[in-house]
Each structure stands twice: as C-alpha cells, then as structure tokens.
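Examining the three-dimensional arrangement
In case you want the letters, here they are:
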Amino acid sequence: MNDNVFFDLERPVKAAPERAPSGWRTLPLEGRFDLVYEDAAGAWSNRSLDARELRLGPGRTLLGGIDARRGGYRGFRVDRIRRLVDGATGERIETGILDRLLGRAEAQRRADALRIRRQARARRKAAVAAVA
C-alpha cells in the first residue's frame, strides 16, 4: 500500500509534452494612428489607435494598441487596414502599410538601443568620476 496520496512512486512520471513555438514575434511600436479598417464582414470603420506593438505571426500580422473607439486594447490585422494616417507627421499611407510599420518599428528599436548605450556610457563616466 502506498501512503503517499499525492505522488505514486510505482507509476512512472510522464514528461510534460514540449510546446511547439507559437511562431509569433512581437516588435514594440509606439505611435498614434488613424486608420480605415475593414472587418471580416466587409464593413469599413474609422479607428484611432495608440499603438503598442506589431505582432508577426504565421499567416497574419497584427497592429496592437489602445483603440479609442472601444476604450481598450485591440489588435487589427494589417492586411485589413485600408488607410493609415500617422498622427505625428500626418503622412497618409494606402499601400505598403506593413513595410512602413516594420520600418518604423526597426527605427524605434535602433533609437532605443542608442539611447540605452548613451545612458550606460553616462553612468560609467559618472562612476569613474566618483571614484577619482
């Protein structure tokens, strides 16, 4: 008789099945966009989005952020965005939307990396100056 009710030593423990990678990649993306979006039923709507990320997945890409119309986080399929207007520059994009969003995410990534390097360099200089 086994007194251990939580773990049966006589039965082999099965390893947890390995989870296959989901295939989604998330790129941080900041900005304010006005977009014309076509939903799955074919209805068009105007949306204002405070963007947070660009999610690249198998077969689709989502632009995620805070939707002013619904008051919460929402993802929009990039292939259903018919027009994108950049809130900062006023630039209106109707073709090549995914390429523009990817380019902007990469530019923001480079700018963030440069900012982090500069901050680290300033901290190192301050630490050396404090020691001397």
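Details of the structure are given in the entry above.
This write-up is about the structure you can find in this document. Please read these numbers as outputs of a predicted model, since none were measured by experiment.

This paragraph deals with the pattern of salt bridges. Side-chain pairs of opposite charge can arise where the charged atoms are in close proximity. All told, the structure shown has 11 salt bridges when counted by the stated rule. Arg-82 is the salt-bridge partner of Glu-38, the closest N and O atoms lying 2.7 Å from each other. With Glu-38 in strand S1 (residues 25-38) and Arg-82 in strand S5 (residues 81-86), this residue pair connects regions lying 44 residues apart in the sequence. A salt bridge links Asp-112 to Arg-115, with the shortest nitrogen-to-oxygen separation between them at 3.7 Å. Here the residue Asp-112 and the residue Arg-115 both occupy positions in helix H1 (residues 97-131), the gap between them amounting to 3 residues, near one helical turn. Classification of Asp-112 as partly exposed rests on a relative accessible area of 35%.

Moving on, we get to the sheet that holds strand S6 (residues 92-93). Taken together, the 6 strands give an open sheet; going across it, the order is S4-S3-S2-S1-S5-S6, and neighbouring strands pair in antiparallel fashion. The sheet terminates laterally at strand S4 (72-77) and S6, the two strands that pair on one side only. Sheet topology places strand S3 (residues 60-67) next to S4; 6 bridges connect them, and they run antiparallel. Paired with Asp-67 across the two strands is Gly-72, which belongs to S4. Relative to the sheet, H1 contacts S1, strand S2 (44-57), S3, S5 and S6, its axis offset from that of S1 by approximately 140°.

With that settled, the discussion passes to the nonpolar core. One finds Leu-35, Leu-54, Leu-63, Ile-81, Leu-84 and Leu-101 to be the most contacted residues of the largest nonpolar core, which totals 18 residues. Among the elements that make up this core, the one with the highest residue count is S1 (5 residues). Sequence-distant contacts of Ile-81, that is, excluding residues within four places in its chain, are made with Leu-35, Val-36, Tyr-37, Leu-63, Phe-76 and Ile-97.

Calculation rules
Residues numbered from 1 in each chain as written. Predicted model: local features only at pLDDT ≥ 70, side-chain atom pairs only at ≥ 80, totals over all residues. Heavy atoms only, no water. Salt bridge = Lys/Arg side-chain N within 4 Å of Asp/Glu carboxyl O. Helix = DSSP H or I, 4+ residues; strand = E, 2+ residues; numbered from the N terminus. Buried < 20%, exposed > 50% of the residue type's maximum accessible area, 1.4 Å probe, protein only. Pairing = 2+ DSSP bridges. Contact = heavy atoms within 4.5 Å. Axes fitted to C-alpha atoms, helices over the stretch in contact; angles between N-to-C directions. Core = buried A, V, L, I, M, F, W, Y, C linked by side-chain atoms within 4.5 Å.

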